[in-house]
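# Reading the structure
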Amino acid sequence: MKRELILIVLSCLSLTGLQAQTRYCMSYADYQADNWEELDSLHVKEMSNGRRLFGCNDYKLTTGNDSLDKVLKKDVFAVFYNDTLLINCRNIHFRGADYEDQTFGNGFTRAYYFYDGRLCFINRWVDEKAMYVGSQGLLGALAASSMSLENARCFLIKREYEGGRIEAQMIGDKFMEKYEESSPEFYAEYMSETKRKKRERASHIMPLLWKWSLIQ
């Protein structure tokens, strides 16, 4: 029932325009099924003040309608706007081998098409220091949520669970191991950065993904 009501709100507001240039989908499953709905009015605000690296969760989407804005913030998974795909970080989770379950906060981020059909995006990495300080109060919370070249990492949408929870997978050493045999030149270029912490940064990985046409 909730989904039907949301779709009614969105549909009614999108009928005001003859040729809507913006589309949205409610879930990752809808995205995979190419199940989009048109949306007539949308304002996209970039929150990073020019500090964005390829795309982090710093896009705020508004329509001028409070009800619709709440839907966009909480329920919509992706918006296609001016040839750019933006995905909602709200329900995306990542759980690394040595880290607690991590969420990516509110807001939309730029997504890129990975060659195998999945979506690639950049977001912050919460390291051990930030997680420890984060348990101490506001200072840690700010440290954990900050975005910089040092803590930006590349992720892939892995799967969606019933209830809307979406699991992400980090592109790092473990992920790249599969290319050691299938694409040794690409793997060698990735491993050319000898320090793992620097090697797994988005600033190292994204140019390689572009160069080898693994994303678009």
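## A few points about the overall build of the protein
Along the protein, the regular secondary structure elements total 10 helices and 12 strands. The burial tally for the protein puts 42% of its 216 residues in the buried class. Considering only contacts within the protein whose residues lie at least 6 apart along the sequence, 55% involve residues at least 24 apart. Roughly 12300 Å² of accessible area belongs to the protein as shown, and the carbon and sulfur atoms make up 49% of that amount.

## Here we look at the side chain of Thr 63
Locating Thr 63 in the fold gives a position in the loop between β4 (59-62) and α3 (66-74). Overall, the relative accessible area of 16% leaves Thr 63 in the buried class. Polar contacts involving the side chain of Thr 63 include one to the main-chain amide nitrogen of Asn 65, which spans 3.2 Å.

## Quick notes on the environment of Phe 80
On the secondary structure map, Phe 80 appears in strand β5 (residues 78-81). A relative accessible area of 18% places Phe 80 in the buried class. Discounting chain neighbours no more than four positions away, the residues touching Phe 80 are Gln 21, Thr 22, Arg 23, Trp 36, Leu 85 and Tyr 113.

## Remarks on the pairing of strand β11 (residues 152-160)
Relative to β11, strand β10 (residues 119-124) runs antiparallel, the two being bridged by five bridges. Bridge pairing in β11 places Asn 123 opposite Arg 153. Where β11 meets strand β12 (residues 166-170), five bridges bridge the pair, whose relative direction is antiparallel. Paired with Arg 159 across the strands is Glu 167, a residue of β12. The turn linking β11 back onto β12 is made up of five residues, and Gly 163 within it adopts a positive phi angle of 105 degrees.

## Thoughts on α3
Three or more residues of α3 are buried, namely Leu 68, Asp 69, Val 71 and Leu 72. Buried residues of α3, seen end-on, are gathered within an arc of 160 degrees and therefore sit on one face of the element. Those residues of α3 that are exposed and angled more than 90 degrees off the buried face are Asp 66 and Lys 70. Capping the start of α3, Asn 65 holds a side-chain oxygen 3.0 Å from the backbone nitrogen of Ser 67, two or three residues further along.

## Focus: unusual backbone geometry
In this structure, Asp 34 takes a positive phi of about 60 degrees despite not being glycine. Mapping Asp 34 onto the fold places it in the loop between α2 (28-32) and β2 (37-39). Positive phi is not limited to glycine here, since Ser 213 has a value of about 55 degrees. You can see Ser 213 is positioned in the segment after α10 (202-211). Residue classification places Ser 213 among the exposed positions, given a relative accessible area of 56%.

## Side note on the pattern of salt bridges
Overall, the coordinates contain seven salt bridges when judged by the stated rule. Among the ionic pairs, Asp 116 bridges to Arg 118, the shortest N-O distance being 3.0 Å. The exposure class assigned to Arg 118 is buried, which follows from its relative accessible area of 17%.

## A word on α10
For an α-helix, the turn length of 3.6 residues means that residues three or four places apart are oriented alike. All of the buried residues in α10 are Ala 202, His 204, Ile 205, Met 206, Leu 208 and Leu 209. Check the buried side of α10 and you find it contacts β9 (108-113), β10, β11, α6 (173-176), α8 (184-190) and α9 (196-199). One or two steps after α10, the chain reaches Ser 213, where phi turns positive at roughly 55 degrees.

## Some remarks on the packing of aromatic side chains
Tallied over the entire structure, the rule returns 14 aromatic pairs. Seen from their ring centres, Phe 104 and Phe 155 are 4.9 Å apart, and the 70 degrees between their planes marks the pair as edge-to-face. Pair noted here: Phe 104 is in the loop between β8 (102-103) and β9 and Phe 155 is in strand β11, with a separation of 51 residues, a long-range link. With 5.6 Å between their ring centres and 25 degrees between their planes, Phe 121 and Phe 155 make a pair best called stacked. Here Phe 121 is found in strand β10, whereas its partner Phe 155 is found in strand β11, with 34 residues between them in sequence.

So, how was this worked out
- Residues numbered from 1 in each chain as written.
- Predicted model: local features only at pLDDT ≥ 70, side-chain atom pairs only at ≥ 80, totals over all residues.
- Heavy atoms only, no water.
- Helix = DSSP H or I, 4+ residues; strand = E, 2+ residues; numbered from the N terminus.
- Buried < 20%, exposed > 50% of the residue type's maximum accessible area, 1.4 Å probe, protein only.
- Contact = heavy atoms within 4.5 Å.
- Areas by Shrake-Rupley, 256 points an atom, 1.4 Å probe, with all protein chains shown as cover.
- Polar contact = N/O pair within 3.5 Å; in protein donor to acceptor, adjacent residues only side chain to side chain.
- Pairing = 2+ DSSP bridges.
- Arc of directions from axis to C-beta.
- Salt bridge = Lys/Arg side-chain N within 4 Å of Asp/Glu carboxyl O.
- Phe/Tyr/Trp six-rings, centres within 6.5 Å; stacked < 30°, edge-to-face > 60°.

Treat this as a map of the structure, not an account of what it does.
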